[in-house]
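Each chain, letter by letter, is given below.
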Amino acid sequence: MAKGEGADQYSNNSLLTNKPVNPDVVKLARKREQCDRLSICNKLCYAVGGAPYQITGCALGFFLQIYLLDVAQLDPFYASIILFVGRAWDAVTDPIIGFMVSRSPWTRFGRMLPWIVFSTPLAVVSYFLIWYVPVIEDGKVIWYLVFYCLFQTLQTCFHVPYSALTMFISEDQKERDSATAYRMTVEVLGTVIGTAVQGQIVGMANPPCILAPGDNVTTEGLNSSLLLEQEVNTTVISPGITLDQTKTAYMIASGAICSIYILCAVVLFFGVKEKKESSRPRSELMSFWQGIGLVMGHRPYVKLVMGFLFTSLAFMLLEGNFALFCCYTLGFRNDFQNILLVIMLAAMLTIPFWQWFLTKFGKKKAVYIGTSSVIPFMILVVCVKSNLIITYMVSFAAGVGVAAAFLLPWSMLPDVVDDFQVQNPDSKGHEAIFYSFYVFFTKFASGISLGISTLSLDFAGYRTRGCTQPENVDITLKVLVSAAPIGLILIGLVLFRSYPIDEERRQGNRKLLQEQRENEADSETDSTELNNMV
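Residues numbered from 1 in each chain as written. Predicted model: local features only at pLDDT ≥ 70, side-chain atom pairs only at ≥ 80, totals over all residues. Heavy atoms only, no water.

### Some words on the overall build of the chain
Part 1: Along the chain, the regular secondary structure elements total 19 helices and 2 strands.
Part 2: Of all 534 residues assigned to the chain, the portion counted as buried reaches 55%.
Part 3: Of all intrachain contacts in the chain linking residues separated by at least 6 positions in sequence, the fraction that spans at least 24 positions is 85%.
Part 4: Entry remark: accessible area of the chain is about 22700 Å², with carbon and sulfur atoms responsible for 65%. (Helix = DSSP H or I, 4+ residues; strand = E, 2+ residues; numbered from the N terminus. Buried < 20%, exposed > 50% of the residue type's maximum accessible area, 1.4 Å probe, protein only. Contact = heavy atoms within 4.5 Å. Areas by Shrake-Rupley, 256 points an atom, 1.4 Å probe, with all protein chains shown as cover.)

If you want it as C-alpha cells, here you go:
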C-alpha cells in the first residue's frame, strides 16, 4: 500500500465517525478501554512467562555445542547432525503447533494458557535428559537427538501460545507495546540467568583438555588457572577436575534451570488473564498450505520476517560459536562464561533505552541503529590482540546491539497482525499462525547455520577437548563470529528498507481497528436493545 493511498484510506474511514453518538456505545467503549489497561503486576506476570524460553535457549545456544564436543565427546560430524536436525525439527513443529493452537477450543482458562500448563512438566524432564551422558557409548547420538527434538517440540507447545498471547492480553497497541517491553526485559534477564546458572556452575568444573603430540603449552598460555593433563596410553590423568565432575556440574545446572522453568510457568498461569476474542465468529479453519498462503500473501509480514531472518541468523551464529571462540581463539577458557554474562547483562540494562528510542523515533529507525551498532564491536573483537579487559569492554558494548535484536522483532510483529486485520476485517483467529511461521523461518535457518558451522569446524580439523586447535580452526571461528554475522546483518538491513509499516501507517491502523471495535460494540448494543424489545 502506498503512503498516499494509506492516508486516503485513513481519511475516508474517519468519515465513519461522523454519526450520532450513542451514549451506550460511549459507555461501552470506556469500559472496554479500562479493561484493555494492564496493571504493572499483569505485565510483570506476563513477562515472566518469556523467561523459560530464553533461559533454556541461551543455555543450549551457548553451551550445547561445546558440551557435545568436549563433554559427551561426540565427533564434530555427529554433533552437527544433532544440532541441525534438532533445530530443523524445532522449526517444522512451530507451524504445526501454531495450527493446532488456532484450532483449540476456548476453555475457562483461555485457548493459549492450557497449552503452556500441560507442556511444562514434560519439557523440563526432556531438558534435563539432554544434559545427561548415557552409559552406552553407541547410543549417544540417538539419545541426544531424541531428547533434543522432544524438548524442542514441548518448548514449542509453550512458546507459540505464549507469543500469540500478546494479542489477547489487551486490544490496545500501547498496552501491548508496553507489555512487550516488560517481556523483552525479563527475557534478556532470562538469558542472564541462563548464562549465569549454566556458566558459573559449569565454569567451576571445566572439562580438562588433552595435549596433542607436539603441543608446547604452559599453564600461562592457557589462562594460568587451567589445569593441564597428559595423555598416557590413551588414559587422561588429571590432578584436578575430572570429566565425571564436569558431567555432574552440567546436570546440576540443568536441574536448577528446570526449577526456574516450572516457577515461571506457574506465575504466568496465575498472573495473566487471557481475554476472549470478539463475539464475531472466527474464520473457517484452514489447512497447512492455506496458512502458508495466508501469511505469505501479506507483504508487510514477508518483508518483516525476511529482514529479521538474516539479522537473527547473525546473532544465532555468534551465540553458537562464541564459547569456542573465547576458549580457543582468545585463550580465555576459564573466563568465557563471565564474558557471556557481561553481554547479557548489558542487553538487559539497555532494553528500556531501546523501548524509549522506538517510542520516540519509530521502530524502523530503531532497527537500523540498534542492529548496526554491534558491527564495529564484531570487527574489533577479532582484530585486537587477545586482552581480557578489552574483551569485557567489547562484550558490554555488543550487548547493547543484542538488546535491540531481542526487543524489535516481537515489538513489530503485533503491528503486522494489526495491519492484516485492517486489510482483512473478516478474517479472524489467525494470530498463532503469524507468530508460529515467524519462529519457523528463524529456527529453520538457525539450524542450517549451526549445522554448517559445526561441519566447518570439523573440516578445519577441530580436536575434541584439545588444549590448542589448528590454525584453520582459529580462522574458521573468526569468520563464524565476525565476518559471517556482519554480512547477514547488512543483508537484513537492506531488506528492511522496503518494510512498509512506518509510524504514520501504524497509527492509522490503530485508528481503523478502534473504529472496527466501536462498530462491533454498536452492533452488539443494537442487538441487545432489539432482544430487550422482543
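Moving on from the coordinates now.
### Some words on the nonpolar core
Part 1: By size, the foremost hydrophobic cluster in this structure holds 145 residues, and its most contacted members are Leu-64, Tyr-67, Leu-68, Trp-131, Leu-165, Tyr-301 and Phe-322.
Part 2: Of all the elements, helix α12 (residues 299-329) adds the most residues to this core, at 18 residues.
Part 3: When residues of this core are assigned to domains, at least three fall in each of domain 1 (39-211 + 242-274) and domain 2 (288-528).
Part 4: Ignoring anything within four residues of it in the chain, the contact list for Phe-322 reads Phe-62, Ile-339, Leu-340, Ile-343 and Val-481. (Core = buried A, V, L, I, M, F, W, Y, C linked by side-chain atoms within 4.5 Å. Domains from an automatic or database assignment.)

### Notes on a nonpolar patch on the surface
Part 1: On the surface, a cluster of nonpolar side chains totalling about 320 Å² of accessible area is made up of Phe-84, Phe-444, Ile-448 and Ile-452.
Part 2: Broken down by element, the nonpolar patch gets its largest block of residues, 3 residues, from helix α17 (residues 431-460).
Part 3: Within the secondary structure layout, Phe-444 lies in helix α17.
Part 4: A relative accessible area of 33% means that Phe-444 is categorised as partly exposed. (Patch = residues over 30% accessible without salt bridge, like charges linked within 9 Å, V, L, I, M, F, W, Y side chains within 5 Å. Salt bridge = Lys/Arg side-chain N within 4 Å of Asp/Glu carboxyl O.)

### Describing the pattern of salt bridges
Part 1: Under the defined criterion, the tally for this structure stands at 7 salt bridges.
Part 2: Here Arg-183 and Glu-187 are joined by a salt bridge, their closest N and O atoms 2.7 Å apart. Pair noted here: Arg-183 and Glu-187 are both in helix α9 (residues 173-203), with a separation of 4 residues, about one helical turn. In this pair, the class of Arg-183 matches that of Glu-187, namely buried.
Part 3: Between Asp-415 and Lys-363 there is a salt bridge, with the nearest N and O atoms lying 2.7 Å from each other. With Asp-415 in helix α16 (residues 388-423) and Lys-363 in helix α14 (residues 363-372), the pair connects residues that are 52 residues apart, well separated along the chain. Side by side, Asp-415 and Lys-363 carry an identical accessibility label, which is buried.

### Describing empty space enclosed by the protein
Part 1: Evaluation of the coordinates by the stated rule reveals 7 cavities of 30 Å³ or more.
Part 2: Here the largest cavity defines a volume of roughly 790 Å³.
Part 3: Lining the largest cavity are 36 residues; nearest its centre among them are Tyr-53, Gln-54, Met-316, Glu-319 and Phe-406.
Part 4: Where the lining of the largest cavity is concerned, the elements lending two or more residues are α4 (51-70), α5 (76-102), α7 (140-164), α12, α13 (336-361), α16 and α17.
Part 5: Broken down by element, the lining of the largest cavity gets its largest block of residues, 8 residues, from α12.
Part 6: Counting contributing residues, the lining of the largest cavity receives three or more from each of domain 1 (39-211 + 242-274) and domain 2 (288-528).
Part 7: Space inside the second largest cavity adds up to approximately 110 Å³.
Part 8: Residue lining of the second largest cavity: Leu-318, Phe-322, Ile-343, Val-374, Phe-377, Met-378, Val-381, Val-394, Ser-395, Ala-398, Val-402 and Val-481, and that is the complete set.
Part 9: For the lining of the second largest cavity, the secondary-structure elements that each account for two or more residues are α12, α15 (375-383) and α16.
Part 10: With 4 residues, the top contributor of residues to the lining of the second largest cavity is α16. (1 Å grid on protein atoms, 1.4 Å probe; cavity = no way out; pocket = protein on both sides within 12 Å on 5 of 7 lines; lining within 4 Å. Points joined across faces, edges and corners; volume = space filled by probe spheres on them.)

### Topic: helix α6 (residues 113-130)
Because each turn of an α-helix spans 3.6 residues, side chains separated by three or four positions in sequence point in the same direction.
Part 1: For α6, with 18 residues, the first-to-last C-alpha span of 26 Å sits near the 26 Å given by 1.5 Å per residue.
Part 2: Thr-120 marks the point of greatest bend in α6, at about 40 degrees, and the proline Pro-121 comes within the next four residues.
Part 3: By the burial criterion, the buried members of α6 are Leu-113, Pro-114, Trp-115, Ile-116, Ser-119, Thr-120, Ala-123, Val-124, Ser-126, Tyr-127 and Ile-130.
Part 4: The inward-facing, buried residues of α6 contact α4, α5, α7, α9 and α10 (243-271). (Expected span 1.5 Å × (residues − 1). Bend = angle between axes of the 7 residues up to and from the residue.)

### Observations regarding the confidence of the model for the chain
Part 1: For the chain, the average pLDDT comes to 77, and 80% of its residues sit at 70 or higher.
Part 2: Across the chain, element-level confidence peaks in α6 with a mean pLDDT of 93 and bottoms out in strand β1 (residues 230-232) with 34.
Part 3: When the criterion is pLDDT under 50, residues 1-19 qualifies, and its contacts beyond four places in sequence or with other chains add up to 20 contacts. (pLDDT = per-residue confidence, 0-100.)

### Some remarks on α16
Part 1: Compared with the 52 Å implied by 1.5 Å per residue over 36 residues, the 53 Å span of α16 between its first and last C-alpha is a close match.
Part 2: Judged by how many residues are buried, α16 sits mostly within the fold: 27 of 36 residues are covered.
Part 3: Sitting at the amino-terminal end of α16 is Asn-387, which places a side-chain oxygen 3.0 Å from the backbone nitrogen of Ile-389. (Polar contact = N/O pair within 3.5 Å; in protein donor to acceptor, adjacent residues only side chain to side chain.)

### Some remarks on the side chain of Lys-43
Part 1: Note on placement: Lys-43 falls in helix α3 (residues 40-48).
Part 2: With residues near it in sequence (within four places) discarded, Lys-43 still touches Leu-38, Glu-175, Ser-178, Ala-179 and Tyr-182.

### A short note on the side chain of Gln-155
Part 1: Along the chain, the position of Gln-155 falls in helix α7.
Part 2: Of the polar contacts made by the side chain of Gln-155, one reaches the side chain of Tyr-261; its length is 2.8 Å.
Part 3: When neighbours within four sequence positions are excluded, Gln-155 is seen to be in contact with Pro-52, Tyr-53, Thr-56 and Tyr-261.

### Considering the packing of α4 against α9
Part 1: It is at 7 Å that the axes of α4 and α9 come closest, and there the two elements cross at 45 degrees. Between α4 and α9, the crossing angle belongs to the class labelled oblique. Relative to α9, the crossing made by α4 is right-handed. Packed against α4, whose contacting residues are Ala-51, Gln-54, Ile-55, Cys-58, Ala-59, Phe-62 and Phe-63, the element α9 presents Val-186, Glu-187, Gly-190, Thr-191, Ile-193, Gly-194, Thr-195, Gln-198 and Gly-199 at the interface.
Part 2: When the residues that make up the contact of α4 with α9 are grouped by side-chain class, the tally is 8 nonpolar, 7 polar and 1 charged. (Axes fitted to C-alpha atoms, helices over the stretch in contact; angles between N-to-C directions. Parallel < 35°, antiparallel > 145°, perpendicular 65-115°, else oblique. Left-handed = near helix turned anticlockwise from the far one by under 90°. Nonpolar A, V, L, I, M, F, W, Y, C, P; charged D, E, K, R; others polar.)

### Remarks on the packing of aromatic side chains
Part 1: For the coordinates displayed, the defined rule picks out 22 aromatic pairs.
Part 2: Where Tyr-67 meets Trp-131, the ring centres are 5.0 Å apart and the plane angle is 65 degrees; that geometry is what we call edge-to-face. Pair noted here: Tyr-67 is in helix α4 and Trp-131 is in the loop between α6 and α7, with a separation of 64 residues, a long-range link.
Part 3: For Tyr-67, a relative accessible area of 0% translates into the label buried. (Phe/Tyr/Trp six-rings, centres within 6.5 Å; stacked < 30°, edge-to-face > 60°.)

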